[in-house]
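What the coordinates show
Listed here are the chains, written in short residue letters.
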Amino acid sequence: LIFLMNDGTQDSVIQVFDTLCSLLGTALFKRLFGVILTDNGVEFKNPNALEHTRPGLIGLIYSSVILKHHAKAHVENNHRLIRRIIPKGTSLNKLNVEDTRLVCCHINSVIRDNLDGKTPFDLMDSADEKKLLSALNLSPIPPDEVILSPKLIKH
């Protein structure tokens, strides 16, 4: 999942969690996101505040203990795919929610060897996962239409 935030603060992360919780409802949010694995960015330095952002989220398990990038290879692989579309040094100021949705759909439509030749979308097959995809308006891109270059974003 990819979310556009105003800045890299903890408040922006909380806003994403709150938005997801509002879209999905607390029960579905907790079922889908029982553990949230983060990096060591400043926006994740107070996991207690993130765990208790809303009534009903108390007890959400939050983990920010991964210290080395190779320990979360799947996240790093997605980061590399994102950087093929939005190269390092590219201003993010012109991006909008639709751009991030489009990037998310394209990178999650890439067949992965580590997923036995499936895409991340192929693995999202439970009713709860389908509700998440619907709520965020995410859908697979046909393999021959996947674009992993800056030309995906038209502006």
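Up top is the structure.
Parameters and conventions
- Residues numbered from 1 in each chain as written.
- Predicted model: local features only at pLDDT ≥ 70, side-chain atom pairs only at ≥ 80, totals over all residues.
- Heavy atoms only, no water.
- Salt bridge = Lys/Arg side-chain N within 4 Å of Asp/Glu carboxyl O.
- Helix = DSSP H or I, 4+ residues; strand = E, 2+ residues; numbered from the N terminus.
- Core = buried A, V, L, I, M, F, W, Y, C linked by side-chain atoms within 4.5 Å.
- Buried < 20%, exposed > 50% of the residue type's maximum accessible area, 1.4 Å probe, protein only.
- Expected span 1.5 Å × (residues − 1).
- Contact = heavy atoms within 4.5 Å.

Turning our eyes to something else, we now look at the pattern of salt bridges. Taken as a whole, this structure holds 2 salt bridges when the rule is applied. A salt bridge links Asp-128 to Arg-31, with the shortest nitrogen-to-oxygen separation between them at 2.7 Å. Here the residue Asp-128 occupies a position in helix H7 (residues 127-135), and Arg-31 occupies one in helix H2 (residues 26-32), the gap between them amounting to 97 residues. The partner of Glu-98 in a salt bridge is Arg-101, and the shortest N-O contact between them spans 2.8 Å. You can see Glu-98 and its partner Arg-101 sitting in helix H5 (residues 97-107), 3 residues apart, about one turn around the helix.

Take the nonpolar core next. Formed by 21 residues in total, the largest nonpolar core has its most connected members in Leu-20, Phe-33 and Leu-138. Listed by contribution, the elements that provide at least two residues to this core are helix H1 (10-24), H2, H5 and H7. Per-element tally for this core: the top contributor is H1, with 7 residues. Of all hydrophobic cores here, the second largest spans 10 residues; its members include Leu-81, Leu-95, Val-110 and Ile-153.

A few words now on H1. In this model, H1 (15 residues) spans 21 Å end to end at C-alpha, consistent with the 21 Å of a helix rising 1.5 Å per residue. Among the residues of H1, those classed as buried are Gln-10, Ser-12, Val-13, Ile-14, Val-16, Phe-17, Leu-20, Cys-21 and Leu-24. One or two residues past the end of H1 sits Gly-25, with phi positive at roughly 90°.

Quick look at the environment of Glu-43 now. Here Glu-43 shows up in the loop between strand S1 (35-37) and helix H3 (47-51). Between the alpha carbons of Glu-43 and Asp-7 there is a distance of 9.4 Å; along the sequence they are 36 residues apart. With residues up to four places along the chain from it excluded, the contact list for Glu-43 reads Gly-8, Thr-9, Gln-10, Val-13 and Leu-50.

In this section: the environment of Ile-147. Position of Ile-147 relative to the elements: it lies in the segment after H7. Separated by 41 residues in sequence, Ile-147 and His-106 place their C-alpha atoms 6.5 Å apart.

Honestly, it's all geometry; don't read function into it.
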